[in-house]
Amino acid sequence: MAAETRFGPWTSLYKEIEDLARIFDVADRGEALIADLKQREAALRAEFSGDKHPTFLFWFSSPSPADDAYLGGGNGPSGYIADLLGGSNAIKTEADWPTLGWEGILAADPTVIVASQVDRNRWELDNADAKIAYLTSDPTVSQMDAVKGGRIVVMSGAAMNPSIRTIYGAEEVAKQLRTLDLP
Amino acid sequence: MPSDRSEGGAGWLAIFLALMLIALAFVVALATTIGDFSIGLGTVVLAITNGFGLTHADIPRIQEAVVWDLRLSRALVAALAGAGLAICGAILQALLRNALAEPFVLGVSAGASTGAVCVIVLGIGAGSLTLSMGAFAGAFAAFALVAILSNGATSGPNHTILAGVAAAQLFNALTSYIVTTSGNAQQARDVMFWLLGSFGGVRWGDFQLLTVVIALGLAICLWMARSLDAFTFGDEDAAALGVPVARIRLILFAVTAMITATIVSMVGAIGFVGLVVPHAARYVVGPIHLRLLPACAAVGAVFMVLADIASRVVATQQTVPIGVVTALVGVPFFAIILYRARPQA
């Protein structure tokens, strides 16, 4: 499954860590970090290899509740996280950061909504709490199955960029998924 | 023959307007049935009749909301925006006696962009309300500059166009300066999206505001329609016919700036409609403004709703900026008109 995401498997990231570690003459620590990340990846993949295949919506931010939302697209890091957790990205576009109106999001009907916490404080909906407040209070959006089923999880927005934080983001989502009752 | 139509009394206009209203009803209906979320035709009809309070059918809340709150409000705002931009185009083409005049010729769009970019990039305030207000303030700043540069619009059409071009250049430069010196890639993308326009964020509140502004603007323009006709012969002839040239020009500039600024602050700068629709409408109903303005409103409305439908369906799970579609759809359409209206040898 991993090969389906443009982003994974993580060979390029591991290569980069290896190169940097060699440049700074700490090759052993680089190896240790790679081993650690690989182990975390494998652990998640093993844990979520069951018969549940949820779809995830990764909501990065929006200028305002009504505006089209910036989402984590198809095969980017968001898709990789979804894949690690035994599911797939509800947004299938090739674009890394598509914008989509709420009708499109309602139509995508994700199993789980990932509300990202973006620490830049530029838009009111950068904040994960503001996203959750909108999802649960808007008369229409609150009718989505994911919202009605309480399947909203919070993840650091930085994990939606390709970096070592992507795996930490996947772990953050995994921790909350364990407490949820997935359909 | 076009000349027959333009001289041919109210009958042809009435038929044309009736046809356009039917077309508008049809495209709005089409807009409410098309979208990512597939909803059966029967449910769409019930959602709309429920919305008007005619029925109380029990349909899924989510489908009802998609049809009523997202699609219908969006289609109607698109229709009003198209109508408004087309009216402004017709007015400015008459006032400035220039076939290339359009709502953004007074620098209004460039000013609105600068205002919006100040909010997006410099972070003056936050949220969509301040964004709209920033755009509105910028639009009127540009308009005021043009009014001052052209001596309160007393110094003739060419002077006003030059003032508008200067204002547009100035504000575009300011926008580029702000984006290149303080923006990042993500912000540049926000700005670009905003500049190309989107109906994504509109709701019923926008529809109500736009209805008031455009109804008021259209009423003022229709009231002055005969003076507008006189402008076609030039300022001096219009003055000789008893038209208070400077006053009417200033009032109508202010009306078009008001309509354009409201539209731009709501849905961004959507190009092409204001330029093309008046020419298309003039070809059908002739140049008399009492007929031209209603025809422009109707054609602009239909065109914009169609363009918005295209912007939603052309790419799945992604919305294409409406300004891209108006130009892509509009240019071939305009080319046909230009070709058919070419002077007969």
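Residues numbered from 1 in each chain as written. Chains lettered and ligands numbered in written order. Predicted model: local features only at pLDDT ≥ 70, side-chain atom pairs only at ≥ 80, totals over all residues. Heavy atoms only, no water.

Digging into the overall build of chain A
Across its full length, chain A carries 7 helices and 6 strands. Ordered by position from N to C terminus, the α and β elements of chain A give α-α-β-β-α-β-β-α-β-α-α-β-α. For chain A, the C-alpha radius of gyration of 17 Å lies close to 16 Å, the compact-globule estimate for 183 residues. Taking the principal axes of the C-alpha coordinates as reference, chain A spans close to 55 × 40 × 30 Å. Counting across all 183 residues of chain A, residues that qualify as buried make up 53%. (Helix = DSSP H or I, 4+ residues; strand = E, 2+ residues; numbered from the N terminus. Rg over C-alpha atoms; globule rule 2.2 N^0.38 Å. Buried < 20%, exposed > 50% of the residue type's maximum accessible area, 1.4 Å probe, protein only.)

With respect to the overall build of chain B
Per the secondary structure count, chain B includes 15 helices and 0 strands. Taking 2.2 N^0.38 as the reference for a compact globule, 345 residues should give roughly 20 Å; the C-alpha atoms of chain B span a radius of gyration of 21 Å, in line with that estimate. Across its three principal axes, chain B shows a C-alpha extent of roughly 65 × 55 × 40 Å. Counting across all 345 residues of chain B, residues that qualify as buried make up 54%. Sequence-distant contacts, at least 24 apart, represent 77% of the contacts inside chain B between residues at least 6 apart. As displayed, chain B has an accessible area near 14,700 Å², and 71% of this comes from carbon and sulfur atoms. Charged side chains of chain B number 15 positive and 14 negative; the gap between the two group centres comes to 4 Å. (Contact = heavy atoms within 4.5 Å. Areas by Shrake-Rupley, 256 points an atom, 1.4 Å probe, with all protein chains shown as cover. Lys, Arg positive; Asp, Glu negative; His and termini not counted. Charge placed at Lys NZ, Arg CZ, Asp CG, Glu CD.)

Details of the domain arrangement of chain A
For interface size, the figure often reported is the accessible area lost on association. All names here are of chain A. One can read the domain layout of chain A as domain 1 (7–47) and domain 2 (55–177). The distance between the C-alpha centroids of domain 1 and domain 2 comes to 26 Å. Between domain 1 and domain 2, the contact holds 12 residues from the first and 16 residues from the second. Between domain 1 and domain 2 lies a buried interface of about 1,200 Å² when both sides are counted; carbon and sulfur atoms form 71% of it. At the junction of domain 1 with domain 2, the criterion picks out 2 salt bridges. The closest approach of N and O atoms between arginine 40 and glutamate 171, which form a salt bridge, is 2.7 Å. In this assembly, domain 1 and domain 2 are joined by 3 residue pairs in polar contact (both at pLDDT 80 or more). Broken down by element, the side of domain 1 that touches domain 2 gets its largest block of residues, 6 residues, from helix H2 (residues 27–47). Class assignment of the residues belonging to the side of domain 1 that touches domain 2 gives a composition of 8 nonpolar, 1 polar and 3 charged. (Domains from an automatic or database assignment. Buried area = accessible area lost by both parts, 1.4 Å probe. Salt bridge = Lys/Arg side-chain N within 4 Å of Asp/Glu carboxyl O. Polar contact = N/O pair within 3.5 Å; in protein donor to acceptor, adjacent residues only side chain to side chain. Nonpolar A, V, L, I, M, F, W, Y, C, P; charged D, E, K, R; others polar.)

A short note on the interface of chain B and chain A
With 29 residues of chain B at the interface, the matching set in chain A holds 30 residues. Between chain B and chain A, a total of about 2,300 Å² is buried, with carbon and sulfur atoms accounting for 51% of that surface. Taken together, the links from chain B to chain A amount to 2 salt bridges. With a closest N to O distance of 3.7 Å, glutamate 103 of chain A and arginine 312 of chain B form a salt bridge. Summed over the shared surface of chain B and chain A, the result is 3 residue pairs in polar contact (both at pLDDT 80 or more). Contributing elements (two or more residues each) for the side of chain B that touches chain A: helix H4 (61–95) and helix H8 (185–196) of chain B. The dominant element in the side of chain B that touches chain A, judged by the number of residues it contributes, is H4 of chain B, at 7 residues. A breakdown of the residues in the side of chain B that touches chain A according to their chemical character gives 9 nonpolar, 12 polar and 8 charged.

Quick word on the pattern of salt bridges
All told, the structure shown has 13 salt bridges over all chains when counted by the stated rule. One salt bridge in this structure joins aspartate 19 of chain A and lysine 15 of chain A, with 3.1 Å as the shortest N-O distance. Placement of the pair is aspartate 19 of chain A and lysine 15 of chain A together in helix H1 (residues 11–23), with a separation of 4 residues, close to one helical turn. One network of salt bridges, with partners in common, ties together Glu103 of chain A together with Arg71, Arg74, Asp308 and Arg312 of chain B.

Describing a nonpolar patch on the surface
There is a patch of nonpolar side chains on the surface, built from Leu20, Ile23 and Phe24 of chain A and spanning about 360 Å² of accessible area. On the basis of relative accessible area, isoleucine 23 of chain A is assigned to the exposed category, the value being 64%. (Patch = residues over 30% accessible without salt bridge, like charges linked within 9 Å, V, L, I, M, F, W, Y side chains within 5 Å.)

Description of the confidence of the model for chain B
Residues and elements named next belong to chain B. Per-residue pLDDT for chain B averages 84, and the proportion of residues at 70 or more is 91%. Of all the helices and strands in chain B, helix H1 (residues 2–7) carries the lowest mean pLDDT, 46, while helix H9 (residues 204–223) carries the highest, 93. Within the model, the stretch residues 1–7 combines pLDDT values under 50 with 11 contacts to residues more than four positions away or in other chains. (pLDDT = per-residue confidence, 0-100.)

What to know about helix H3 (residues 77–84) of chain A
Residues and elements named next belong to chain A. Burial analysis of H3 places 8 of its 8 residues in the buried class, the great majority of the element. Next to the buried residues of H3 lie H2, strand S1 (55–61), strand S3 (88–89), strand S6 (152–156) and helix H7 (165–177). Within two residues after H3, glycine 86 carries a phi angle of roughly 80 degrees, on the positive side.

Let's talk about the packing of helix H3 (residues 41–51) of chain B against H4 of chain B
Residue and element names in this part refer to chain B. Across the interface, H3 lies against H4 with an axial gap of 9 Å and an inter-helix angle of 70 degrees. On the basis of their axis angle, the class for H3 and H4 is roughly perpendicular. Counted together, Thr43, Val44, Ala47, Ile48, Asn50 and Gly51 of H3 and Gln63, Glu64, Val67 and Trp68 of H4 form the full contact between these two elements. (Axes fitted to C-alpha atoms, helices over the stretch in contact; angles between N-to-C directions. Parallel < 35°, antiparallel > 145°, perpendicular 65-115°, else oblique.)

Some words on the state of the cysteines
Residues and elements named next belong to chain B. Throughout the structure, instances matching the rule amount to 0 disulfides over all chains. The closest cysteine sulfur to the non-disulfide-bonded cysteine 88 is located on cysteine 221, 7.2 Å from its own sulfur. Exposure remark for cysteine 88: the relative accessible area of 0% places this residue in the buried category. (Disulfide = S-S within 2.5 Å.)

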